[in-house]
Amino acid sequence: MLTPVTLQGNLICLEPMTTDHAQDLYSAALEERSTYSYTNVPDSLESAKRYIDEALRAYENGRALPFVVRHLETGRIIGSTRFLDLDVFKWPPPWPPGASSGPVPSDENPPTVAEIGSTWYAASFQRTGVNTECKLLMLTHAFDTWHSIRVTLKTDARNERSRAAIQRLGAAFEGIRRAHIPATDGGIRDTAYYSILENEWHAVRSNLQERLQRGMKITADEKL
């Protein structure tokens, strides 16, 4: 299995999720919730406990690496994100394509491909540099530490806010998978797929770093 890691930037620290984070995640989710229409975000302490239990089961199965997001200036836990759908390619490949997963990823045999998802933040930290730095930290780990060849990002096709955020990262739009999975609102979800490939990482990293630098300059100017 993959060893849990801590990823720290200038604004946030991504810490391995544990059962001790239930109250903090619930508190973060108590702020204005209108942006959570298409996202699974805990709405009670009990649901926060279930949310963590499900994330840790996915980790124990070897296919996910869940984090809480800590804001360094305030010390608050302000949301959650994770690596998921982790897979190691093997040859000869299974047939038919997609019929089964490869070996469980480990530190010695890291993921060939990964997804970043299950991301949400407290309302007061949305539209800030938090998401940009979060994605920079995770993409750096995927491409520079694991040497993954692809990172997927996906969202409910109706979630224009999330889709715009993914596009700002520099991810390539792949298309819509129709009638894909059950939606959080009780319907059937069409899913918008995006990806970043290893040979695109340099340009994406530069874009994210520039956006962070601009945001930090604006914040510093506001404090003058």
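Above: the structure in question.
Asker: Looking at this structure, how should I read unusual backbone geometry?
Answerer: Backbone phi values are negative for most residues with the exception of glycine, while trans is the configuration of most peptide bonds. Here the amide bond leading from tryptophan 91 into proline 92 is cis, since omega sits at 0°, within 30 degrees of zero. Located in the positive-phi region is aspartate 85, a residue other than glycine, with phi close to 50°. The class of aspartate 85 is exposed, set by a relative accessible area of 54%. Notably, serine 118 is not glycine yet its phi reads approximately 50°, a positive angle. Here serine 118 shows up in strand 5 (residues 113–121).

Asker: Please explain the side chain of glutamate 15 as it appears in this structure.
Answerer: Residue position: glutamate 15 is located in strand 2 (residues 12–16). A polar atom in the side chain of glutamate 15 sits 2.5 Å from the side chain of arginine 70. Residues contacting glutamate 15, with those up to four places away along its chain left out, are Thr6, His21, Pro66, Phe67, Val68, Arg70 and Ile77.

Asker: Teacher, can you tell me more about the nonpolar core here?
Answerer: Considering soluble globular proteins, one finds that nonpolar side chains tend to be buried as a cluster. Ranked by internal contacts, the top residues of the largest apolar core, which has 53 residues, are Leu14, Leu25, Phe83, Trp120, Met138, Leu139 and Trp146. Among all residues touching leucine 14, those that are not within four sequence positions of it are Val5, Thr6, Leu7, Phe67, Val68, Val69, Thr81, Cys134, Leu137 and Met138.

Asker: Help me understand the side chain of threonine 81 in this model?
Answerer: Within the fold, threonine 81 resides in strand 4 (residues 77–87). You can call threonine 81 buried: its relative accessible area is 0%. Polar contacts involving the side chain of threonine 81 include one to the side chain of threonine 119, which spans 2.7 Å. Each residue touching threonine 81, except ones within four places of it in the same chain, is listed here: Leu14, Pro66, Phe67, Val69, Ile116, Gly117, Ser118, Thr119, Cys134 and Met138.

Asker: How should I be thinking about the sheet that holds strand 3 (residues 64–71) in this particular structure?
Answerer: Sheet strands pair by backbone hydrogen bonding; their relative direction is either parallel or antiparallel. Here eight strands make up an open sheet; going across it, the order is 1-2-3-4-5-6-8-7 and the pairing mixed. Two strands lie at the open edges of the sheet, namely strand 1 (7–8) and strand 7 (172–182), each paired on one side alone. Pairing analysis gives seven bridges linking strand 3 to strand 4, with the strands arranged antiparallel. Across the sheet, residue alanine 64 finds its bridge partner in strand 4, namely leucine 84. Of the strands in this sheet, strand 3, strand 4 and strand 5 are in contact with helix 2 (residues 45–60), which crosses strand 3 at around 135°.

Reading the values: the criteria
- Residues numbered from 1 in each chain as written.
- Predicted model: local features only at pLDDT ≥ 70, side-chain atom pairs only at ≥ 80, totals over all residues.
- Heavy atoms only, no water.
- Buried < 20%, exposed > 50% of the residue type's maximum accessible area, 1.4 Å probe, protein only.
- Helix = DSSP H or I, 4+ residues; strand = E, 2+ residues; numbered from the N terminus.
- Polar contact = N/O pair within 3.5 Å; in protein donor to acceptor, adjacent residues only side chain to side chain.
- Contact = heavy atoms within 4.5 Å.
- Core = buried A, V, L, I, M, F, W, Y, C linked by side-chain atoms within 4.5 Å.
- Pairing = 2+ DSSP bridges.
- Axes fitted to C-alpha atoms, helices over the stretch in contact; angles between N-to-C directions.

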